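Structural features, examined
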Amino acid sequence: MKAATDQKNELGFSSIILLGINGIIGSGIFLLPNAAAKLMGTASIFVLIFDALLVFAIALCFAKSATYFEANGGPYLYAKDAFGGFVGFEVGFVTWAIRIIAEATMAVAFTTALGSIFPYAATTIGKDVIAATLIILLAIMNIAGVRVSKVVNNVITVSKLIPLVLFIAIGIWFIKGGNFTPLFPGGHYTSGSFGPAAVTMFYAFTGFEGVVVAAGDMRDPEHNLPRALVIVMLIVLAFYLLIQVVCTGILGADLANSTTPIQAAFGRVAGSFGSALVEAGTLLSTGGLLVASSYITPRSGVALAENGMMPPALAKVNKKDGPWVSIIVSSTLGLIVALSGTFNYLAQISAISRFAQYIPTCLAVLVFMKTKKGVPSNFHLPFGPVIPVLAIVVSIWLLTQVTLIQFAWGFGALAIAVPFYFLMAYNKTRRERQEAE
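Analysis parameters
- In this convention, every chain numbers its residues from 1, walking through the sequence in written order.
- With pLDDT at 70 or above as the cut-off, local features in this predicted model cover only qualifying residues; side-chain atom pairs require 80 or more to be listed or tallied, and sums for whole chains, interfaces and linings still use all residues.
- Calculated side-chain values reflect all of the structure's heavy atoms, with hydrogen atoms and water omitted.
- Only DSSP runs of H or I with at least four residues qualify as helices, and only runs of E with at least two residues qualify as strands; both kinds are numbered from the N terminus onward.
- Throughout, the Shrake-Rupley method with a 1.4 Å probe supplies accessible areas, and for residues the shown protein chains are the sole cover considered.
- Each patch is built from residues lacking any salt bridge and having more than 30% relative accessible area; the joining distance is 9 Å for like charges and 5 Å for nonpolar side chains (Val, Leu, Ile, Met, Phe, Trp, Tyr).
- Whenever Lys or Arg places a side-chain nitrogen within 4 Å of a carboxyl oxygen from Asp or Glu, that contact is recorded as a salt bridge.
- All tallies of charge rest on Lys and Arg as positive and Asp and Glu as negative; His and the ends of each chain are not included.
- Charge positions are represented by NZ for Lys, CZ for Arg, CG for Asp and CD for Glu.
- Only buried residues count toward a nonpolar core, which is a set of Ala, Val, Leu, Ile, Met, Phe, Trp, Tyr and Cys residues joined through side-chain atoms within 4.5 Å.
- Exposure classes here rest on a 1.4 Å probe applied to the protein chains alone. A residue is buried below 20% of its type maximum, exposed above 50%, and partly exposed in between.
- Pairs of residues are marked as contacts when any of their non-hydrogen atoms sit within 4.5 Å.
- Every axis in this analysis is a line fitted to C-alpha atoms, fitted for helices over the stretch in contact. Angles between the N-to-C directions lie between 0 and 180 degrees.
- Roughly parallel means an angle under 35 degrees; roughly antiparallel, over 145; roughly perpendicular, 65 to 115; everything else is oblique.
- Each crossing gets its hand from how the near helix is turned against the far one by less than a right angle, where anticlockwise is left-handed and clockwise is right-handed.
- Throughout this entry, Asp, Glu, Lys and Arg are counted as charged residues, while Ala, Val, Leu, Ile, Met, Phe, Trp, Tyr, Cys and Pro are counted as nonpolar. The remaining residues, Gly among them, count as polar.
- Here a cavity means grid points, on a 1 Å grid over the protein atoms only, where a 1.4 Å probe fits yet cannot get out; a pocket means an open set of points with protein on both sides within 12 Å along at least five of seven lines; lining residues are those with an atom within 4 Å of a point.
- Grid points are joined across faces, edges and corners, and a volume is the space filled by probe spheres set on the points.
- Here a pair means two rings of Phe, Tyr or Trp (six-membered ring of Trp) with centres within 6.5 Å. Their orientation is stacked below 30 degrees between planes, edge-to-face above 60, and tilted elsewhere.
- The span expected for a helix works out to 1.5 Å for each residue beyond the first.

1. Section: the overall build of the chain
- Helix and strand content of the chain: 16 helices and zero strands.
- Total accessible area on the chain stands at roughly 19000 Å², and carbon and sulfur atoms take up 68% of it.

Now the structure itself:
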């Protein structure tokens, strides 16, 4: 039971829903509809539905697992409880890596959106210079102890949702039925195009797991969190389907060639006002998320250090309470990732890396069905093991659609974590022996 004095600061049911929507709807839906359209044409709408069903199945597994835990941690807690310390360490370590990759992806997303205003930002050198400048400046800001305020998060929410709502409400009246044909580019399906399109668009749905990690800050998480996750995913799916349909209905074949599809579509029906509104919304949303991420990401490294999962140096703070070691390490790694590719490419890597959290959580649900059979649960997972098994099988199939290099970038953190695990285990054993003597 949590103290009554703490309940005022806890997240209620509506706050959990807003947190989930904010965590998912970001740069992906502003910039990615063209990537799927380039591979699948109008049929990209079905790719979106496929991804939504997969993410919904994974979210149900997260919701079921969340009913057994009150503390913060999410996938790390589930993996550790179900499979032991080593797997828990791997998932915990990769969580930090995922945040680093996501932050780098957002930095490049910002330059991609900026490229529609300033052509220099659209060049390879311009992208690298601007992304590097953003990451370095944010690192300096956080080392100086500058904290992200609630005002910034409120601006993010408004900036991302208002343009999207207006785009759907206005754009739906300008849809042309002829723009939905042919179903595939060139009038026929190109073998092997569905998988890459699904991997790319999957990025737009990622982020819901961040809500689960903050379970310890919620009011009655075992009851509220599962219901909130289901509602969040339904709202996001509705937004995304409407956006993809409206973009396709307005732009037609031109959707595949637009790097900023919503901006291009809104500009076509609402002129410079529509284009400028989406442009501003994209920059504010992506930039705001990047600022927030630059604050949160290093603290994932700090959490690992404080739990004995990484060297204690990562938890060092300066006089302004800035975890300067973790900030420098996180920013340096993020900079390397940001310079490695374009937004679409990094979005795929970011999506791939999430499966290092998703698959263990789905597997944990199967374990919990046996180990926690008698534990009361406020959320019933329909069809027994069917949903987690399907989520695991489809996730593994989706991973077979990526290149070896993308897989290595996405799952490389798992291999890097192994020596750290044994190093930390050795140091722990040595300290215990010294204390015993």
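What follows picks up the thread again.
2. Brief notes about a positive patch on the surface
- Taken together, the side chains of Lys80, Lys428, Arg430 and Arg431 make up a positively charged region of the molecular surface.
- A total of three residues in the positive patch trace back to one element, the largest contributor, which is helix H16 (residues 404-436).

3. Regarding the nonpolar core
- Core analysis: the biggest nonpolar cluster contains 115 residues, and Ile58, Phe167, Phe208, Tyr240 and Phe355 have the highest contact counts within it.
- Non-local contacts of tyrosine 240, meaning those with residues more than four positions away in its chain, are made with Ile24, Ile25, Gly26, Ile29, Leu48, Ala204 and Phe205.
- Counting six residues, the second-largest nonpolar core is a separate cluster that includes Phe110, Leu114, Ile130 and Leu283.

4. Focus on the side chain of glutamine 348
- Tracing the backbone through its elements, the reader meets glutamine 348 in helix H14 (residues 343-371).
- Setting aside its immediate chain neighbours within four residues, glutamine 348 contacts Pro196, Val199, Thr200 and Gln406.

5. Description of the pattern of salt bridges
- A full pass over the atoms with the stated rule returns three salt bridges.
- The partner of aspartate 81 in a salt bridge is lysine 372, and the shortest N-O contact between them spans 3.5 Å. With aspartate 81 in helix H5 (residues 75-83) and lysine 372 in the loop between H14 and helix H15 (386-399), this pair connects stretches of sequence that are 291 residues apart.
- Aspartate 81 gets classed as partly exposed once you look at its relative accessible area, which sits at 39%.

6. Digging into the packing of H5 against helix H6 (residues 85-114)
- For the pair H5 and H6, interaxial distance at closest approach is 7 Å and the crossing angle is 165 degrees. Taken together, the axes of H5 and H6 lie roughly antiparallel to each other. Considering the relative orientation of H5 and H6, their crossing is right-handed. In this structure, H5 contributes Pro75, Tyr76, Ala79, Lys80 and Phe83 to the contact, and H6 contributes Gly85, Val87, Gly88, Val91 and Gly92.
- Taken together, the residues of the contact of H5 with H6 sort by class into six nonpolar, three polar and one charged.

7. What to know about the environment of leucine 229
- Of note, leucine 229 is situated in helix H11 (residues 221-251).
- Linking leucine 229 and isoleucine 17, residues 212 residues apart in sequence, is a C-alpha distance of 7.2 Å.

8. What to know about empty space enclosed by the protein
- Applying the stated rule across the entire model yields one cavity of 30 Å³ or more.
- Estimated volume of the largest cavity: approximately 40 Å³.
- If you go around the largest cavity, the residues you meet are Glu103, Ile135, Leu138, Ala139, Asn142, Ser294, Pro298, Ser330 and Ser331.
- Listed by contribution, the elements that provide at least two residues to the lining of the largest cavity are helix H7 (124-143), helix H12 (261-306) and helix H13 (324-338).
- The element that contributes the greatest number of residues to the lining of the largest cavity is H7, accounting for four residues.
- For the lining of the largest cavity, the residue count by class is four nonpolar, four polar and one charged.

9. Details of the packing of aromatic side chains
- Under the definition given, this model contains 21 aromatic pairs.
- Arranged with centres 4.9 Å apart and planes meeting at 80 degrees, the rings of phenylalanine 86 and tyrosine 421 form a pair that is edge-to-face. Here tyrosine 421 lies in helix H16 and phenylalanine 86 lies in helix H6, a separation of 335 residues in the sequence.
- Given a relative accessible area of 32%, phenylalanine 86 falls into the partly exposed group.

10. Some remarks on H7
- Under the 1.5 Å per step criterion, the end-to-end length of H7 is 29 Å for 20 residues, consistent within 8% with the ideal 28 Å.
- The set of residues buried in H7 consists of Gly126, Lys127, Ile130, Ala131, Ala132, Ile135, Leu138, Ala139 and Asn142.
- Contacts made by the buried residues of H7 are with H6, H12 and H13.

11. Examining unusual backbone geometry
- Going from threonine 181 to proline 182, the amide bond is cis rather than trans, its omega being -5 degrees.
- With respect to the helices and strands, the residue proline 182 is situated in the loop between helix H8 (150-171) and helix H9 (194-202).
- A positive phi angle is found at phenylalanine 383, which is not glycine, with a value near 70 degrees.
- Positionally, phenylalanine 383 belongs in the loop between H14 and H15.

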